[in-house]
Each structure stands twice: as C-alpha cells, then as structure tokens.
Amino acid sequence: MTLIAILLGTLAAGIGSVWLAAALSFGALARYTQHMLSLAAGALLATAFMHLLPEAFESQVSPQHLFMTLLTGLVFFFLLDKAELWHHGHEHHHEDSGHAGHDHANDHGHAHHHFPPRTGSWAVLTGDSVHCFGDGVLIASAFSADLRLGALTALAVLVHEVPHHMGDLMVLRQGTNTRRLAFIKVSLAGAATAIGGLIGFWLVAQLHDFLPYFLVVAASSFIYVALADLIPQLQIRQSAGRTAAQIAWLLLGIALVTAASHMAHG
C-alpha cells in the first residue's frame, strides 16, 4: 500500500507540476503566475512547520540534532543555489559579451543565439532530473512515516516545482523553438520523481532510524525554496489591491494544507 501511494504521489508531483507549469506558461492560466507563487510559498511553509517538523520531533531523536540537521540543510540548499547562479551567471557573461552595442530589445531578441542551445538544454534537463529525483526521495520518506504526511508532501512538491518547471520550459523552448518538444523533455525529467520515490522507499526501509532526519531535510528544502526563491519574487512594489491578493493567496496555501490535514485525520 505504501509503495503504491509513493508511486501515485511522485507521479502526480513530478508530471502534474510540469502540466500545470505548461498551462501557466503557454495557456490561458498565464495571468495567474503571481498567484501561484504566493500559493506555493504558503503551502510549502505550512507543510514544513506544521507537518514535517512536528512529525520529526515526535521521534526519540535529540531536538538539538534535528535543529542541526535543519540548519545544515538550509546552508546546503543555499550553497547549491549559489553554485547554480554562478553557472548561469557565467553563461550570461559570455552571452552579454557578444551583445556589446545592442539595445535591450535586441538583446532579448537574440539572447540565445550566441551560445549552443543544446548545451544549455541538456544542462537544464540534467539539473531538473536530479532535483526531481531528490524530491521523490523526500516524498517517499514522508509516505513511509505517514500516508497523510506523504500526500501533503507530494502536494507541496507539486506546487513548489511549478515555478521551477516554468523556467525550464522557457529555456528549452528558446533552444528548440517548439512548445511540444520542450514540454515532452521537461515531463521526462519530472518522471525522475517516481524513480527517486522507488529508491527512496528502499532507502528509508533500510535506514528507518534515520527517517526523522530525512523529514527535517525535506522541511529545510521547503523552507529554503519558500523564503529564498518564491517570496523574494513577490517582494515588489505593487498596488494595495495586488498586495492584498498576494497575502490572500499566501494564506490560502496555508489554509489548503491545514484543511487537507484535518480531512485526512477525519
């Protein structure tokens, strides 16, 4: 039963997030991107602080060790982010050097013709696959602890992967010039979530005593993504109405996770 739940949860999170990202990037839902960012941030924070961390702290593991794991996870994801930013910044440095004397509009029109698009595409797909694999391991860890917690974690992974996949689709579309091919490639990368779930199920079964640590690492991932990636994108000067909408969608994300938890308990 747990293995089936892991497969369903990882497929929903891995493939479902790509489909939703495609709808937000290419379809009629494109105008709701900002709302999705707010919703994802609220859902991630609620899942981390109200479910993953409490579940981990109910174990016999020392709170000091768990807090150290949380801190280590946050620093690790920060360093991972810095490495990715340095890589992209290095590419853009070479790209910009080939645009001296061009105006901003021309740069946008020709930005991706000065470095090999295939290299960038494969780099994006490789990074996305590894990231999705890790998400699958985290989902498997949560399902191994509790089916309800696993479902909430899969939902949180789904919503937090949407903005990430949106960026991937944009990069791949610029490299291939076709939406369909970009969608297929990112969907295959998203399927790595299921592979991570299968291996994670075996890993957690073999290392059951380390399950609280896995849950804390998952929480650190969600907290970092929400606070360092999603919320900063929302920290821009807007009208009072748009600001109120951001807050409302953030609270809605928290409320949905809380409601899902109560429904599962019922």
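Residues numbered from 1 in each chain as written. Predicted model: local features only at pLDDT ≥ 70, side-chain atom pairs only at ≥ 80, totals over all residues. Heavy atoms only, no water.

## Observations regarding the overall build of the protein chain
The helix and strand tally for the protein chain stands at ten helices and zero strands. The order of α-helices and β-strands along the protein chain, N terminus first, is α-α-α-α-α-α-α-α-α-α. When the accessible area of the protein chain is evaluated, it comes to approximately 14,100 Å², of which 68% is carbon and sulfur surface. (Helix = DSSP H or I, 4+ residues; strand = E, 2+ residues; numbered from the N terminus. Areas by Shrake-Rupley, 256 points an atom, 1.4 Å probe, with all protein chains shown as cover.)

## Details of the packing of helix α1 (residues 2-26) against helix α8 (residues 192-206)
The description of two packed helices rests on the angle between their axes and on the distance between the axes. Two numbers describe how α1 lies on α8: the axes approach to 8 Å, and their chain directions differ by 150°. Here α8 runs roughly antiparallel to α1, going by the angle between their axes. With respect to the hand of their crossing, α1 and α8 are arranged in right-handed fashion. Contact residues: Thr2, Leu3, Ile6, Leu7, Thr10, Leu11 and Gly14 in α1; Thr193, Ala194, Gly197, Leu198 and Phe201 in α8. (Axes fitted to C-alpha atoms, helices over the stretch in contact; angles between N-to-C directions. Parallel < 35°, antiparallel > 145°, perpendicular 65-115°, else oblique. Left-handed = near helix turned anticlockwise from the far one by under 90°. Contact = heavy atoms within 4.5 Å.)

## Section: the layout of surface pockets
Here the second largest pocket is characterised by a volume of approximately 180 Å³. Around the second largest pocket, the lining residues are Ile231, Leu234, Gln235, Ile236, Gln238, Thr243, Gln246, Ile247 and Leu250. Sorting the residues of the lining of the second largest pocket by element identifies α9 (211-234) and α10 (240-265) as the ones contributing at least two each. Sorting elements by how many residues they give to the lining of the second largest pocket places α10 first, with four residues. Residue composition of the lining of the second largest pocket, by class: five nonpolar, four polar and no charged. (1 Å grid on protein atoms, 1.4 Å probe; cavity = no way out; pocket = protein on both sides within 12 Å on 5 of 7 lines; lining within 4 Å. Points joined across faces, edges and corners; volume = space filled by probe spheres on them. Nonpolar A, V, L, I, M, F, W, Y, C, P; charged D, E, K, R; others polar.)

## Digging into the nonpolar core
With 43 residues, the main nonpolar core has Leu44, Leu52, Leu215, Phe222 and Leu230 as its most contacted residues. With twelve residues, α9 is the largest single contributor of residues to this core. Those residues within four positions of Phe222 in sequence are excluded, and the remaining contacts are Leu44, Thr47, Ala48, Leu52, Thr153, Ala156, Val157 and His160. With 15 residues, the next largest nonpolar core counts Val18, Leu24, Phe26 and Leu125 among its residues. (Core = buried A, V, L, I, M, F, W, Y, C linked by side-chain atoms within 4.5 Å. Buried < 20%, exposed > 50% of the residue type's maximum accessible area, 1.4 Å probe, protein only.)

## Quick look at the packing of aromatic side chains
Under the counting rule described, the total for this entry stands at three aromatic pairs. Summarising the aromatic geometry, the rings of Phe76 and Phe77 are spaced 5.4 Å apart at their centres and angled 70° between planes, so their arrangement reads as edge-to-face. Overall, Phe77 belongs to the buried group, its relative accessible area being 18%. (Phe/Tyr/Trp six-rings, centres within 6.5 Å; stacked < 30°, edge-to-face > 60°.)

## Observations regarding the packing of α1 against helix α7 (residues 179-190)
Packing of α1 against α7 leaves a shortest axis separation of 8 Å and a crossing angle of 155°. As summarised for this structure, α1 and α7 are arranged roughly antiparallel, according to the angle between their axes. Seen along the crossing, α1 lies across α7 with a hand that is right-handed. Taken together, the residues of α7 that come into contact with α1 (itself represented by Gly14, Ile15, Val18, Trp19, Ala22 and Phe26) are Arg179, Phe183, Val186, Ser187 and Gly190. Of the residues belonging to the contact of α1 with α7, the class tally is seven nonpolar, three polar and one charged.

## A few points about the confidence of the model for the protein chain
Averaged over all residues, the pLDDT of the protein chain equals 77, while 77% of them reach at least 70. This stretch, residues 99-120, has a pLDDT under 50; its non-local contacts, to residues over four places away or in other chains, come to ten contacts. (pLDDT = per-residue confidence, 0-100.)

## As for the environment of Gly200
Position of Gly200 among the secondary structure elements: in helix α8. Classification of Gly200 as buried rests on a relative accessible area of 0%. With 63 residues separating them in the primary sequence, Gly200 and Val137 have C-alpha atoms 4.3 Å apart. Discounting chain neighbours no more than four positions away, the residues touching Gly200 are Val137 and Ala140.

## Considerations on the pattern of salt bridges
Under the counting rule described, the total for this entry stands at one salt bridge. The partner of Asp146 in a salt bridge is Arg148, with the nearest N and O atoms 3.5 Å apart. (Salt bridge = Lys/Arg side-chain N within 4 Å of Asp/Glu carboxyl O.)

## Looking at the environment of Leu147
Secondary-structure assignment places Leu147 in helix α6 (residues 147-176). Judged by its relative accessible area of 37%, Leu147 falls in the partly exposed class. When the C-alpha atoms of Leu147 and Ala5 are compared, they prove to be 7.6 Å apart, with 142 residues separating the residues in sequence. Apart from the residues lying within four places of it in its own chain, the contact partners of Leu147 are Thr2 and Ala5.

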